[in-house]
Amino acid sequence: MSIWASDNRNGHVREALTLLLSQGVINDFRIRPDDEFPFRVQVPAGIIPMTEHQAAHFALGAATAHFGDLARDGAP
């Protein structure tokens with residue numbers, strides 16, 4: 001069974017950023033497919049332009065930082 005609704009990496013990154021947005025981890029994100037750095041993630045410090053690869057690693061790190069304690073200890 002897959003947790004992803006999409007079947008490609010770009011879609012997976014979009015879903016991961018949507019999860020982070022819904023949990024309040026990031027403020028917003030935009031995807032500009034024709035740009036050199038198509039993923040633009042907005043955090044309190046500003047807007048971070050990223051490639052798909054960078055955005056995937058960012059999403060993994062942000063989810064780990066946000067949910068890590070809950071996963072390890074069972075309490076936020």
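Below is a short write-up of the structure.

1. Looking at the overall build of the chain
Helix and strand content of the chain: 2 helices and 3 strands. Mapped in sequence order, the helices and strands of the chain form the string α-β-β-β-α. Going through the 76 residues of the chain one by one, you find that 21% of them count as buried. Put simply, of all contacts in the chain between residues at least 6 apart along the chain, 27% involve residues at least 24 apart. If you sum the accessible surface of the chain, you get close to 5300 Å²; carbon and sulfur atoms cover 56% of it.

2. What about the nonpolar core?
The biggest cluster of nonpolar side chains holds 13 residues, and the ones touching the most others in it are L17, L20, I26, F39 and V41. Mapped onto this core, the elements with two or more residues apiece are α1 (9-22), β2 (39-43) and α2 (52-73). In terms of residues, this core owes the most to one element, α1, which gives 4 residues. Beyond its immediate stretch of four places on either side in the chain, L17 contacts I26, F29, F39, V41, F58 and A59.

3. A closer look at the pattern of salt bridges
Counted under the stated rule, the structure contains 3 salt bridges. Residue D35 is joined to R40 by a salt bridge in which the shortest nitrogen-to-oxygen separation is 2.4 Å.

4. Regarding the environment of H57
Residue placement: H57 occurs in helix α2. With relative accessibility at 49%, the residue H57 sits in the partly exposed group. Separated by 44 residues in the primary sequence, H57 and V13 place their C-alpha atoms 9.2 Å from one another.

5. Points about the environment of F39
Examined against the element boundaries, F39 turns out to sit in strand β2. Residues F39 and R14, 25 residues apart in the sequence, show an inter-C-alpha distance of 8.9 Å. Once you skip the residues sitting within four places of it in the chain, F39 turns out to touch N10, V13, L17, R30, I31, I48, P49, M50, T51, E52 and A55.

6. Section: the pairing of strand β3 (residues 46-50)
Relative to β3, β2 is paired through 5 bridges, and the arrangement is antiparallel. Counted as the bridge partner of V41 is I48 from β3. Counted along the chain from β2 to the antiparallel partner β3, the turn is 2 residues long.

Parameters and conventions
Residues numbered from 1 in each chain as written. Predicted model: local features only at pLDDT ≥ 70, side-chain atom pairs only at ≥ 80, totals over all residues. Heavy atoms only, no water. Helix = DSSP H or I, 4+ residues; strand = E, 2+ residues; numbered from the N terminus. Buried < 20%, exposed > 50% of the residue type's maximum accessible area, 1.4 Å probe, protein only. Contact = heavy atoms within 4.5 Å. Areas by Shrake-Rupley, 256 points an atom, 1.4 Å probe, with all protein chains shown as cover. Core = buried A, V, L, I, M, F, W, Y, C linked by side-chain atoms within 4.5 Å. Salt bridge = Lys/Arg side-chain N within 4 Å of Asp/Glu carboxyl O. Pairing = 2+ DSSP bridges.

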